[in-house]
Amino acid sequence: MSVTSSFSSQDRSAGPPRLPTRPTGWPIGSYEEYGQAQRAVDFLAESEFPVQDVTIVGVDLMLVERVTGRLSWRRVLGAGAASGAWFGLFVGVMLSLFTGGQSTGLLQIAVCLVLGVVFFMVFAAVGYASTRGRRDFQSSSQLVAGRYDVLCQPRNAEQGRDLLAKLAMRPAGGAL
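Residues numbered from 1 in each chain as written. Predicted model: local features only at pLDDT ≥ 70, side-chain atom pairs only at ≥ 80, totals over all residues. Heavy atoms only, no water.

Trainee: Mind showing me how you'd approach unusual backbone geometry here?
Mentor: Comment: phi is negative for the bulk of residues other than glycine, and the bulk of peptide bonds are trans. Look at Glu48: it is not a glycine, yet its phi comes out positive at around 65°. Along the chain, the position of Glu48 falls in the loop between α1 (34-46) and β2 (54-70). With a phi close to 60°, Asp60 is a non-glycine residue in the positive phi region. Position of Asp60 among the secondary structure elements: in strand β2. (Helix = DSSP H or I, 4+ residues; strand = E, 2+ residues; numbered from the N terminus.)

Trainee: Sorry if this is basic, but what is going on with the packing of aromatic side chains here?
Mentor: Each aromatic ring pair is described using two quantities: the centre-to-centre distance and the angle formed by the ring planes. Tallied over the full model, the rule gives three aromatic pairs. Ring plane angle 70° and centroid distance 5.7 Å describe the contact between Tyr34 and Tyr148, whose orientation is recorded as edge-to-face. Separated by 114 residues along the polypeptide, Tyr34 in helix α1 and Tyr148 in strand β3 (residues 137-152) bring together distant segments of the chain. On the basis of relative accessible area, Tyr34 is assigned to the partly exposed category, the value being 42%. Given the relative accessible area of 13%, Tyr148 is considered buried. (Phe/Tyr/Trp six-rings, centres within 6.5 Å; stacked < 30°, edge-to-face > 60°. Buried < 20%, exposed > 50% of the residue type's maximum accessible area, 1.4 Å probe, protein only.)

Trainee: What am I meant to see in the sheet that holds β2 here?
Mentor: Strand pairs in the sheet, formed through backbone hydrogen bonds, run parallel or antiparallel to each other. Read across the sheet, three strands follow the order β1-β3-β2 without closing on themselves; strand pairing throughout is antiparallel. Edge strands, defined here as strands with exactly one partner in the open sheet, are β1 (26-31) and β2. Taken pair by pair, the neighbouring strands of this sheet meet at an average axis angle of 30°, ignoring direction. Alignment of β1 against β3, held across five bridges, turns out to be antiparallel. Paired with Trp26 across the strands is Cys152, a residue of β3. Its contacts with the sheet place α1 against β1, β2 and β3, and it is angled at close to 145° to β2. (Pairing = 2+ DSSP bridges. Axes fitted to C-alpha atoms, helices over the stretch in contact; angles between N-to-C directions. Contact = heavy atoms within 4.5 Å.)

Trainee: Would you mind going over the environment of Tyr128 with me for this structure?
Mentor: You can see Tyr128 is positioned in helix α3 (residues 102-131). Note on Tyr128: relative accessible area 12%, which makes it buried. Separated by 57 residues in the primary sequence, Tyr128 and Leu71 have C-alpha atoms spaced 9.1 Å apart. Residue contacts for Tyr128: discarding those within four places in its chain leaves Leu71, Ser72, Trp73, Val76 and Asp136.

Trainee: Honestly, helix α2 (residues 73-97) in this entry has me stumped. Any pointers?
Mentor: In an α-helix, one turn spans 3.6 residues; hence positions three or four apart end up facing the same way. With 25 residues, α2 extends 36 Å from end C-alpha to end C-alpha; this agrees with the ideal 36 Å at 1.5 Å per step. Listed in full, the buried residues belonging to α2 are Val76, Gly80, Ala81, Gly84, Gly88, Gly92 and Ser96. (Expected span 1.5 Å × (residues − 1).)

Keep in mind these numbers describe shape, not what the thing actually does.
Listed below in structure tokens is the structure:
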């Protein structure tokens, strides 16, 4: 993931900065959800505002881990078998494309599929056993912010703030 800032002190024509830089600019809007900040920038773009001067900044970052289910040997081995089957099928098809004979190709696919299932199940079992029950659940992680600020370079900040004030006066379900 590349994080860039429109307000770095480096020359913008040279592309995004290579090192992370803190964003600068004046706040012209603050929103609870990213979609709201994105809607604000879309509104600015549709209003012919120079959006290259705008940055959306997530503030008060949090890592949210949502538990999606309990892990068991059955689930671990099943997931390993499924992954191995796909990988084995892919390798088998690739090998059969570069070898002659139709019956030989089907045999290669079958052998690769079985080997993929076996090896992936073994690797899944070893990985699960190595945790020794310390993490018996599945989860997905997401980086979210407590709020999203829209910043703008000072030369256009007042105009941007005025436009976003007009957006805020629109009904919540209104079209842009």
